Each structure stands twice: as C-alpha cells, then as structure tokens.
Amino acid sequence: MTFSPELEARLAKMLESYPKGRERAALIPMLMYTQDEVGHISKELAEEVAKRCGVTTLQVEEVVGFYTMLRTKKMGKTHLQICTNISCLLVGGDELWQHASKKLGIGHNQVTADGSISLEEVECIGACSWAPAIQTNYDFHHYVTLDQLDKLIDDLRRIQ
Amino acid sequence: MSNPVNLTIDGKAVQAAPGTLLIDAAKQSGILIPAFCYYEGYSLQAACRMCLVEVEKFPKLQAACTLPVAEGMVVRTEAASAVQARKTTLEFLLTNHPLDCPVCDKGGECELQDMVFRYGAGESRFTEVKHHVDEKQWSPVVYYDAPRCILCYRCVRVCDEGMGVTALGITHRGAYSEITPNKGDHLNCDQCGACIDICPVGALTSGIYRYQTRPWEMEHVGTICTHCSDGCKTTLGVRNNEIVRGNNRDSTGINGEFLCIKGRYAFDFIKHEDRLQSPMVRRNGKLEEVSWAEAVKAVAARFAEIKAAGGAIGVAGSVHSTNEESYFLQKFARQGLGTPHIDHARSGDVPALIHALAGKTDALATADSLYHAKAVLVVDADLSQQHPFLAFQVRANVRHHQAAVYTVTRGPVREEQTAAKAVHTADYLAGVRGLGEDLKKHADLVIVFGDGIKGAAVGELVAFGDSLGIPVRYVCLVDYSNSRGAMDMGLLPELGPGYHPAAVRGMSLPQMAASQDLAALWVVGADPLAGGKRLASGKAFVVVQDLFLTDTAKQADVVLPSASAYEKSGTVTNVTGQIQRLKKGLNIMGAKPDLEIFGLIARAMGVDAGRAQNEAVFEEIRKSVRGYNVPLPVLATGGAAQAQPVNGRVDVLPDPELVRSAGDTLFTSGSLGRYSKILGSVMEAPGALYKG
Amino acid sequence: MAINQVFKSASAIVQGLGITFKEMMKPTVTEDYPDVPPVFQERFRGKHELQRDENGMEKCVACFLCAAACPADCIYIEAAENTDKVRISGGERYASVYNIDYTRCIFCGYCVEACPTDAITHGHGFELAAYDTAALIMRKEDMLVAVPPGARPPVIAEAAASHGH
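Residues numbered from 1 in each chain as written. Chains lettered and ligands numbered in written order. Predicted model: local features only at pLDDT ≥ 70, side-chain atom pairs only at ≥ 80, totals over all residues.

A. Expanded view of the overall build of chain C. Across its full length, chain C holds 5 helices and 5 strands. Counted from the first residue to the last, chain C has its helices and strands arranged as α-β-α-β-β-α-β-β-α-α. Its C-alpha radius of gyration of 26 Å places chain C more than 25% over the 15 Å reference for a compact globule of 165 residues. Across the 165 residues that make up chain C, the buried fraction comes to 22%. Expressed as a percentage of contacts within chain C between residues at least 6 apart in sequence, the contacts between residues at least 24 apart total 73%. (Helix = DSSP H or I, 4+ residues; strand = E, 2+ residues; numbered from the N terminus. Rg over C-alpha atoms; globule rule 2.2 N^0.38 Å. Buried ≥ 20, exposed ≤ 12 C-beta atoms within 10 Å, placed from the backbone. Contact = placed C-beta atoms within 7 Å.)

Below you can see the structure in the form of structure tokens.
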C-alpha cells in the first residue's frame, strides 16, 4: 500500500520519535493519519500499519475495534459528530442530533447517498464548557443552535 | 531467600522473597486468593478484580495479583469488604454469562461456578436482556462461545507468551468485547488447545470433547503421550472404554500443563476403523483372520524350523514400544532365536553422543535444564514443529529468565523470533563455530541438535562445547516416544542393552532388506518396507506386529494386532533420557501388548527368555542397562526418573548414515498420526515450516 | 342335643352374616387391579418418565446430574450434540442414550430433584416385573412421553414432510 509523500514523511518522523524496538507505540497516531488520507481502515491498511509497527494484523484490529474514532467503513467527506453526552444533552444536544438525523435522512454511523456527509452520535468530545458542541472532521462548533446547525449542513452540502 | 519480607496474611506470619506478588506469597503459605485473570507464569492483567484483598493502611481494596509484598504488611483475604467485593464482581460477570451450566462442557470444573458457589451472587439485580452472540467454530478443535467469556485474557496470553503464536486477540469494547482469531473467522495456529484448557469458563471448548460427557463421569488416567519423543504426560479422560479427552490440568509430569495437538487430541488413532483387531495368517496368497492360538502357533513353528535350519532371522523393533518390550525383544531374539540381526528406525545419533561424553558427568540436559539454562543453542531442528514441549521450555526460559537463544538451521524457525542470533546454513558445525564468542559469555549452555549432527560431527560438536570453558549440556533429538529407549535397550545390530557391543555384529535394516538369504523378518511396530519396497529375499517368512495394516504388514505371512501405548503399561524414555511410566487407559478388543505377544511366541517355541511381565523385565533392565538403575518410587508415583548412561566409551559406533529423522511437523507424524483424523483435519500451520 | 346349643349356633351365624351385610352396604376399599387400573396419589414414585416441552422437544439436555445424584448408580447416559439436521432437545446437547436399570433403582427420587430442566419425573408405572433382568434395563424410548398433540418437534416435522404431509 502506498501513501502520499507528505504522509510518508510524517510516518517516518513518527517512528523516529519512539525508541528502537518500540515501534508499536506509533500505532494509534499512524492509524489516525492514514485513516485521514485513505478514508477508513481497510484490511489492507491494517496489514500495512501492522507491518510498519511490528505487530500482528490482529493486534491492529484490536486497537481499531476499541476506538470509535477509527473506522472500518468508509464515511462521508465531512464527518459530522454530535455530542449527546450529559453536558450537551442538558442544553439541547439531543435535539441537535434528532434534527441533523432528520434533515440528512441518515442515522448513527451512516453516510448520505452522495457520500458527502456522515453522521455520528458521539460521547463526550471534551467541549462541555461550550455545550452543546459538535465536530466536523477536526473542527469544533460551539454553542450550536438548531439554526446554526441548519446553516452548517447547508454550507457543507454546497461545498460538495 | 535473601532478606525475606515478613508479612501477615489472615493472621498467619508469612515470609516471602522481596518482589513476590501477594497472591503468590499467600499461595505459598496455603492461602488461596481467588483469581480468574492471574495465571502463574504469564504476564499480569489485573482485569478480573476477583483477588481484591483488604490490606491495612490502604484506603481501598488492593488487587493481590499485582501487589508485591512489603515488610509489615497485614492482609486479610477474606475480610467482609473483600468478600462483598468478590460477590459483586461475580454478579457483574454473570450479567451476560448464560446460566447454561447443565449443557456447558465446563460445568463441574468451572472456576466461575466454583466462585459463585463460594461467594454467593446467586441472585442478580440485572434485569435487562443478556447480550447474545452465536457460538463460533474457529478450527476443527476450537469453538468459542462469546457470551460465556469473562474476558480474563488467559487464552490471549497463553497463545502469545506460552506458544509464541499470537493467534488470539480481543476486539471491540466493554460488554461487546470478544476474543478474535487471527484469520478473522478462523484460527491459523498450532491448534494446541492450550487456550481451551486455560479458559476458566466454558467459553473456549474443544471440538473433540464437546458435549461428550461431564468431568466427573470420566476416569482420569495419567500416562505418557505416544507421539513425539518429548515424553509429555497426558491425562486421558476415559469413559466406557473410550478416550474422550486428553489434558494435563493437574500439572504433574515434566510438561506441567503443556500439551501440543498430538498429546491433547491425537489419541483418536486407536479407534480408527483400519485398526487391526484379529490376527491374520496368509493362506493361498490372502491374509485370513485366525485365532490368536493359531497365529502364535504358526509363528512359533516357523521360527523354530528356521532356527533349527540355521536360517537368518531379521528383527525390526519399534520406536513406540515400551522399554520392557524392546529389551525383551532383543533378548528373545539374541538368546532365544540366536540371531544378531536386530535394528530399528534410528532418528538421532545417541550412541555417538554418549561416546563423545565419556568421562563427563551431568552432561546430558533434561527438559528442566532447557528452562533453567542461561543460553540455549539449537542446531538443525525446528523445535516448535518437531519438539513442541522443548520449544515451550525454551520460550518459558526466555520469558522468565531472559535466556539467550541461538539457532543454526537450514531455514527459518520460530525460535528465531526471540533468538539472540540466528544463522541459516547447511554447514551446521561452521555455523556453530561462528557463535563461539557469543556463547562463551553465558554462564552455562544447552546444545540441542537434530540429525544434521551425526557420527564424527557429534564428537566435533562436543569438542567445540569443551572449548567454550563453560558447563555445556546436550540433547540429541530423536523422533518418537521411545526412540531413545529403543537405542538404550539395544535394538541395534552393533550394540546390546546399555551400549555394550553385541557379541556378533548383525545386519542393519537396509542390509536385511537387501539380503538374498534372509529366512524370516519379524517386524514389531515398524514399517521398513514402507512405500511398497520388497525384500530381496523372496522366501522370507514375514511376521508383523502392528496396530494397522502397514505397507510391511500387507506383505506379511502373519499379522498380529498389537496394543498402542494407551492400552498397556510399561516405561518409556523420552528424548532427554527421562524414564516415565505408562498407565493403561483402556482395552481394544483383539489387540495384545507386544510384550504379551513375545511371551506367547516364546512359550509356544519352548524358549526360556524370562518372564514376559513388565515389573520382572524392568528389574532386569535396572540391573543390566547402564543408567537405568533409577529409583522405583519415582516411577511408581508418576514421576520422571533420569537415566544417566554417561560413564564410558561406546566401543563400536553404529553407522551414522542410518540415522535419519522423519522430519515430522506438528500436524504430521508418520506412523500413528496418519491414522488420527484430528491431525488430518487441521490444515493450516503457522509460519514457514521447516522442510527437509 | 341341647336346644340352647342350636340357638347359640344360629345367633353366631346371624351375628356373622350381620357383619357381612353391614360391610356390603359400605363402599369397597379393595381395588379390582387387573380389570380396573389402580389409582395413585400424585406423589407416588413409579417408573420414570422423560418429559417433552410444549414444542415436543425432549427436555433432557444430558447434563448427567441425575446420574451423579443416583445413589444406586443405575442411570447411564450418552450425550450428543444437536445439529441443524438432528435437533432432539431444546439445549445444545441431548441424550442419545438414556438407560435406567430398574434392577438397581430404589425409587428414591434424587434424580428428579437433581434435574435442572424437569426432564425426568416419576410416573405412576409400577408393573416392573419381568422374567429376564435384561428386560428391566429401560431405554430412553421406553420412558419418553408422547409428543403433545399439536406440537411439531423439528426432527419429527422433517420426517413428516418427507412422507408427503
């Protein structure tokens, strides 16, 4: 499996930052960055990462299975994550979720037909102080109202 | 013990070495702290929370499996708070665990069942529907029932650390966690079944034992595995004259809990439909079933005739027979039949090693020394494939004592994964010499060598060992359960029992086959004419004693059905010279142990070869075979007594060209394994196999 | 012969017949056993019955607990696994062989108490006499109750289908 030269450089630097023989420490960051490029963690990708980190494919699958941020199926170009954990729930996180789901016509961990947006109901994303919070890929949106969510989704659709 | 730590456990003053884990210290003083995930010899997990104990001055309960002992520690293992915590833990474990104990294979010997009996938690506050996942079959021998799993990680660790295979992992999270095999839906591994045995509950079950019976219904017969030469003790579960399982959970025997697929599952050859159950005599060119009396009479009459006429009788001994049988056979042949032509299929040059070690003491390694030696050198052997128990010992040594492993082999072997240095060469001695400087650094060394080192090379290897200036001990690898014993008992044309030169040098097996005037060939549990070879002498009277109709038996004039190691008693000697006793597990109708057959033939011929009875023959072996004067109580109690035949030169050395290992792997073993359907059913094998 | 002796004899007969006639009026306590089937108390521990569930599947899952509880060691079981083709019991396992040796059974009821699935119960069968002791070793088929009406256990349903029903 081949990656872009930028990613290759990043991975090489990553492996250098751990002592020799401890390449497995790079497993999670390596999975995250390669996922960003490839889109999801395929069997092939898991094998490639396993080879680079000196672990078995099964051990990579253990990690992938454990973390919800590592995904084995292809998600939308924008991955919309709505927190419904306690802080956000108290100030309308659940309404945001219901609204987004209805508007996009998809449920948890599903992708729109055109593949542009995917939706995920997530546990705490560490933005309780600015609840209700949502995340699009790596970007946070704070104090989100239903109108803002509407606008956000419309914008996302327009970009595609 | 240097500066022991003093502590109090349950009011009992206890001393333990510094660094000892609390759970071990308690066990040493007879206090059992319950635990699921903790398992002696494997890495710590602290996942199950069963071993929580109250320790004074600690604000909360502590996990005894990860807490090292400290001076003045006061521990209460059964404090009310600890008992309550365990009860709650059990209730929690039972939230998804199905209560199908009546059908579960583990019922009756389940650790979870025992714990719930002990601590209660008979009622659950959990009213939600249990999370159910269907049972999966991962291989012909491994089944996994996820809801029963309590996620103790024992199987994952035993596979990774104990076996060096890493075929199991845990995927997903929380209540949805599941053990996962390395190939997604199936296992590609050694199929050793260690994960099944180590499972505290019935999550991993064996495809062979599955739903067959219950643990208390079986008779447990501790005997020695009859496949490879490692001599592992396997406890056969016998019910209604049938073996339903093999394991060694009581950890007696040299192998502790270890067993490979052969010891644990490949006992099914004894019930193969091709098993011979009646003697046969050739009449009009066809083998016809006859009575034992008739068959024995036919053999005895013909032997007596040939003996009287001065014809040459060739005798081929077995590498699976007991020491008693081999000894009696060569004695009967040499004294009763008056023939020097005795041989067996040799797979390691033990006589050359004994000769090279003349004058040394303590130069033969045992299975235990492979676990304690500071360094191990493996020459021309794929231990994981051919000697799984020795490989397990080496892995445990690396894990527990950081031993240095060196390998000199033709191709890649599993031991390389943890080896300090691995050399690939076909010139083994050169490869070994290249490691001289590295080996010298270690306090002691065990050299394990296969059939690539034989004849003069053995002497050179020992000379190399001497040159290192450190204590070196040796293991000469041989193939089958009593290959070593067959040699010690003198089933050789050149050497009698105890490596004393035979009065007359006889013919070796290839010479017998090529001899024009061989009058008779008596084959006991061997297959010298495998692959349809023919004897040069067309008139030879061929008698075969075997479990199955082998290629040789198909050419025989008389075929006598013999008993396997699981159907008789006696002693066998393993690859490292440890003598252990077989215990009879069952009867197969029609088959007789070889010793009994020898006795019948001797009596019918009117030859006095001594009593054909195990104890009497072994008494004679103890007197006449050097190194075999072992204490009987050790054997009687199921222990392994070390034969140490190293004290003198072997004056006549057998031809090294006849030494050839069969190169079996984990899933093949020519003579018996081909009749085991289980061995035949597992296809995939781990890693690059060592192919000859 | 003295007349009083005659009276004495006559009164004895009357007295005796009086008891007879009195008892004739009362309900009978003896049973017409071979002609009329005997009536038992519910708790009577007779020959065992192996029960079926409401679907007609055997309740026995071959857990061997009855055999373990048996003080007379008279229960012999061989277990087998239910498969998609052959499905006998509700659990994963069923008893392929289930024998009770009535020459040894002492009708203590421990097996019934031990059974986790209520598969074995004591029936009211009591005619356990035989000319041959071998006839007293009952097999599963001898003890198994009939399939309840309307139930179609898989194996039987399959057999019925193959017969063109």
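B. Region of interest: the interface of chain B and chain A. Contact with chain B, which involves 8 residues of that partner, is made by 7 residues of chain A. Residue classes in the side of chain B that touches chain A are distributed as 1 nonpolar, 6 polar and 1 charged. (Nonpolar A, V, L, I, M, F, W, Y, C, P; charged D, E, K, R; others polar.)

C. Broad picture of the environment of Ser318 of chain B. All names here are of chain B. Assignment of secondary structure puts Ser318 in the loop between strand S16 (312–316) and helix H8 (323–336). For the pair Ser318 and Ala345, spaced 27 residues apart in sequence, the C-alpha separation works out to 7.6 Å. Non-local contacts of Ser318, meaning those with residues more than four positions away in its chain, are made with His344, Ala486, Val524, Gly525 and Ala526.

D. The arrangement of the nonpolar core in detail. Residues and elements named next belong to chain B. With 216 residues, the main nonpolar core has Cys51, Cys159, Val376, Leu377, Val379 and Val448 as its most contacted residues. The biggest single contributor to this core is strand S23 (residues 518–524), with 7 residues. In contact with Cys159, other than residues within four places in its own chain, are Val165, Thr166, Ala167, Leu168, Cys189, Ala194 and Cys195. (Core = buried A, V, L, I, M, F, W, Y, C linked by C-beta atoms within 7 Å.)

E. Expanded view of the interface of chain B and chain C. If you look at the interface, chain B gives 10 residues, while chain C gives 13 residues. For the side of chain B that touches chain C, a count of residues per class yields 4 nonpolar, 3 polar and 3 charged.

F. Main features of the packing of helix H6 (residues 93–104) of chain A against helix H7 (residues 146–159) of chain A. Residues and elements named next belong to chain A. Axis separation between H6 and H7 bottoms out at 10 Å; the angle between their running directions is 35°. In this structure, H6 meets H7 at a crossing whose hand is right-handed. Residues Glu95, Leu96, His99, Ala100, Lys103 and Leu104 of H6 form the contact with H7, whose own contacting residues are Leu146, Leu149 and Ile153. Per-class residue counts for the contact of H6 with H7 are 6 nonpolar, 1 polar and 2 charged. (Axes fitted to C-alpha atoms, helices over the stretch in contact; angles between N-to-C directions. Left-handed = near helix turned anticlockwise from the far one by under 90°.)

G. Highlighting the environment of Ile159 of chain A. Tracing the sequence through the fold places Ile159 of chain A in helix H7. Counting along the chain gives 62 residues from Ile159 of chain A to Trp97 of chain A, while the straight-line C-alpha distance between them is 22 Å.

H. Highlighting the domain arrangement of chain A. Domain annotation for chain A reports domain 1 (5–66) and domain 2 (78–159). The C-alpha-based centres of domain 1 of chain A and domain 2 of chain A are spaced at 28 Å. (Domains from an automatic or database assignment.)

I. Here's a closer look at the sheet that holds strand S22 (residues 472–476) of chain B. Residues and elements named next belong to chain B. One open sheet holds the 5 strands; their spatial order is S20-S19-S18-S21-S22, and the pairing between them is parallel. Each edge of the sheet is formed by a strand with only one pairing partner; in this case those strands are strand S20 (421–424) and S22. Averaged over all neighbouring strand pairs, the angle between strand axes comes to 10°, with direction disregarded. Pairing between strand S19 (residues 404–409) and S20: 4 bridges, direction parallel. Within S20, the residue paired with Thr407 across the bridge is Ala422. (Pairing = 2+ DSSP bridges.)

J. Structural detail: the sheet that holds strand S2 (residues 12–16) of chain B. Residue and element names in this part refer to chain B. Ordered in space as S2-S1-S5-S3-S4, the 5 strands form an open sheet in which the pairing is mixed. A strand with exactly one partner marks an edge of an open sheet, and here the two such strands are S2 and strand S4 (62–63). By the bridge criterion, 2 bridges tie strand S3 (residues 52–55) to S4 in an arrangement that is antiparallel. Residue pairing for S4: Leu52 is matched across the bridge by Ala63. Along the sheet, helix H2 (residues 80–93) contacts S3 and strand S5 (74–76); its crossing angle with S3, the most-contacted strand, is approximately 160°.

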